[in-house]
Amino acid sequence: MIEAFTAAQVRAAEEPLLARGVPLMERAAFALATVVAQDLRRDPRGRTPDGAARPRRVTGRRAVLLVGSGNNGGDALFAGAYLARRGVAVEAVCTSEHPHAEGSAALRRAGGRVIDLAGGRAPWSQVVDSVLGADVVVDGLVGIGATGALRGVAGELVTALAGERSRRSPGRAGSGSGPWVVAVDAPSGIGVDDGSVPGPVLSADRTVTFGALKPGLLLPPATHLAGAVTLVDVGLADVGGAAGPRVRRLERADVARLWPVPGPTDQKYTRGVLGVVAGTPTFPGAAVLAVTAAVRAGAGMVRYRGPDDVAHVVVSARPEAVPAEGRVQAWALGSGVPAAEERPTAREGGGDGGGGRSADGGQHERIRYALAVACGLLSEDVTGPRVPAVVDAGALSSLPDRCPPSVVLTPHAGELATLLSARGEDVDRQEVEAEPLRWARRAHDLTGATVLLKGAATVVVGPDGTWSQADGPSWLATAGAGDVLTGLLGALLAAYGERVVQEPGLAAELAAAAATVHGWAGAGANPGGPVAALDVAEALPGVLANLLRRG
């Protein structure tokens, strides 16, 4: 499992080493120089901006260091000195009048050049051209203690570089032109502890981080600006202490450990029975997608609850589905169901043949009942024990005031903004997208439920911490993909059943595992190209078999 710790936690772990005189900067700089040299040797970009082939060597290459006044600037300067001694032409662009003095001296002694941008003596256009014409750029503008947007000369420089970089290589993201950018500890300007991006940031191809990962390298939107992350061990011990990590990310072995595998004594009821309330006469496809995903993810049984005409569509697509009432070990609720305040009546033109009955085909009544069971609002003598639930789309509008953490909400940013606004928060979709961690945590605090906030990187917040998974391709942003996730996660919760109710933090970890498998299925359905939601659902058996074979 990958773990990330706040800047304060990392600094606290550094203090005893610094007190003993341990040369942390020297260790960090040497490791940084080593990684940069390896990247130069691998020739990650392949060609210069003018199309000329790059040599596969270190000697004779050009490196530009972007240097502020902090320790990250010192790391970059000392690393530049190492590279200069290996034959790299190194130039440091200083955005502060007071860069690290010893680092600057070391770079000059090694033959490097220091440019004072802060003093206004260097022409901006020449500096921008020099930076973008380098083989590698090392971003050491600010350290992990910096907060807020880049300001002053540093902010102006990054804005100019990002704008010119975009102008020179328009088109799709990640086109691979321009210099290879290596960030020191974290890309300058990101929210190191929360993943926010409050201002300009020079997106990195690689981030070399020291001692421990920082949350902003895992959390959206900043995680998409960090590139490949290399963690360097500089000798820190017991980072975080009893407080533990701020953010976690599951790896392959973690997901394999969590995924249930039936034994010789299992049967369909012990493997997990999932109840699905999804789809309406207007949106029957969502029900098909959720049920298909649950079946393909290995649910022992899937009970579909919905209008007869939708049930006919579901059973035609998935004959394994059982369109009948009965006990379940978990619920998957809301996919393809409009929010309660949005649903038209048959009389208003959304007819379902029910003589004026609500056009949702009674789905909100079913959802409210299932939520009452999941939240323990009804007598267990009547309903049986509480069971976990996935709450998606229209079901979010039917949430009771408080839920246990065994109830997992799966909104996208717009749905989360609506949910929060209904609970008195002044927030819109754009604000949720800008600070996903903040608002997912707020939703968890207000509802008590586990919150899975969908996005290019998925954030999961539960009572025992936060997970951030970024395993799916951008092609996964397609209609119906969320319905597949609902069925997949529902099947996983059903397999664990009562344990999810008894162990408050388990739902969040399972939600992170489901998001990871969902991403892998999106990637595996059509590697490198577009996918449809049903393709993702159909890819699940192969993805899971591969996971369980290889562990």
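First things first, this report covers the structure right here in the doc. On a predicted model such as this, the values are computed, not experimentally measured, just so you know. (Residues numbered from 1 in each chain as written. Predicted model: local features only at pLDDT ≥ 70, side-chain atom pairs only at ≥ 80, totals over all residues. Heavy atoms only, no water.)

Counting secondary structure elements, the chain contains 18 helices and 17 strands. For the chain, the spread of C-alpha atoms along the principal axes amounts to about 85 × 50 × 45 Å. Considering the chain as a whole, with its 551 residues, one finds that 55% of them fall into the buried category. Here the contacts in the chain between residues at least 6 apart in sequence split such that 70% fall between residues at least 24 apart. Placing the 53 positive and 56 negative side-chain charges of the chain at their respective mean positions leaves the two points 7 Å apart. (Helix = DSSP H or I, 4+ residues; strand = E, 2+ residues; numbered from the N terminus. Buried < 20%, exposed > 50% of the residue type's maximum accessible area, 1.4 Å probe, protein only. Contact = heavy atoms within 4.5 Å. Lys, Arg positive; Asp, Glu negative; His and termini not counted. Charge placed at Lys NZ, Arg CZ, Asp CG, Glu CD.)

Here we take up the packing of aromatic side chains. Taken as a whole, this structure holds one aromatic pair when the rule is applied. When the ring of F30 is compared with that of Y82, the centres are 5.4 Å apart and the planes differ by 80°; the resulting orientation is edge-to-face. Pair noted here: F30 is in helix 2 (residues 24-42) and Y82 is in helix 3 (residues 71-85), with a separation of 52 residues, a long-range link. Note that R248 overlies the ring of W467, its terminal NZ or CZ placed 5.4 Å from the centroid. (Phe/Tyr/Trp six-rings, centres within 6.5 Å; stacked < 30°, edge-to-face > 60°. Lys NZ or Arg CZ within 6 Å of the ring centre and 35° of its normal.)

What follows deals with helix 15 (residues 481-496). Its 16 residues give helix 15 an end-to-end C-alpha distance of 23 Å, which sits within 8% of 22 Å, the value for a rise of 1.5 Å per residue. Within helix 15, 15 of the 16 residues are buried, which leaves it mostly tucked inside the rest of the structure. Directly after helix 15, the chain includes G497, whose backbone phi takes a positive value near 50°. (Expected span 1.5 Å × (residues − 1).)

Where helix 8 (residues 284-296) meets helix 9 (residues 308-317), the closest approach of the two axes is 9 Å, and the angle between their N-to-C directions is 40°. By the angle class used here, helix 8 and helix 9 are oblique. Read as a crossing pair, helix 8 and helix 9 show a hand that is right-handed. Contacts between helix 8 and helix 9 pair P284, A287, V288 and V291 from the former with V310, V313, V314 and A317 from the latter. (Axes fitted to C-alpha atoms, helices over the stretch in contact; angles between N-to-C directions. Parallel < 35°, antiparallel > 145°, perpendicular 65-115°, else oblique. Left-handed = near helix turned anticlockwise from the far one by under 90°.)

Time to look at helix 3. Two residues of an α-helix separated by three or four positions point the same way, owing to the 3.6 residues in each turn. The end-to-end C-alpha separation of helix 3 is 21 Å, in line with the 21 Å expected for 15 residues at 1.5 Å each. Buried residues dominate helix 3, accounting for 11 of its 15 residues. All buried positions along helix 3 are accounted for by N72, G73, G74, D75, A76, L77, A79, G80, A81, L83 and A84. At the C-terminal side of helix 3, G87 shows a positive phi close to 95°.

Here is the idea: a disulfide is a covalent bond, and it sits between the sulfur atoms of two cysteines. Tallied over the full model, the rule gives zero disulfides. Not engaged in a disulfide, the cysteine C375 finds its nearest cysteine sulfur in C403; these two sulfurs lie 3.8 Å apart. Take C403: its relative accessible area is 7%, and that puts it in the buried class. (Disulfide = S-S within 2.5 Å.)

In this structure, the largest pocket spans a volume of roughly 1300 Å³. In terms of lining, the largest pocket is formed by 47 residues, of which the most central are K454, G455, A456, A457 and T458. Looking at the lining of the largest pocket, the elements that each hand over two or more residues are helix 12 (413-422), helix 13 (429-434), helix 15 and helix 17 (506-525). Residues of the lining of the largest pocket, tallied by class, amount to 23 nonpolar, 16 polar and eight charged. Lining the second largest pocket are 31 residues, and of these G326, R327, V328, W331 and T383 lie nearest its centre. (1 Å grid on protein atoms, 1.4 Å probe; cavity = no way out; pocket = protein on both sides within 12 Å on 5 of 7 lines; lining within 4 Å. Points joined across faces, edges and corners; volume = space filled by probe spheres on them. Nonpolar A, V, L, I, M, F, W, Y, C, P; charged D, E, K, R; others polar.)

Let us now look at the sheet that holds strand 8 (residues 228-232). Either a parallel or an antiparallel arrangement is found when strands of a sheet pair, and the pairing is made through backbone hydrogen bonds. Overall, parallel pairing links the seven strands, which are arranged 4-3-2-5-6-7-8 in an open sheet. The sheet is open, and its two borders are formed by strand 4 (113-116) and strand 8, each paired with just one other strand. If you compare each strand with its neighbour and ignore which way they point, the axes differ by 20° on average. Summarising the sheet, strand 7 (residues 206-210) and strand 8 pair through five bridges and their orientation is parallel. Among the inter-strand pairings, V208 is bridged to a residue of strand 8, identified as T230. (Pairing = 2+ DSSP bridges.)

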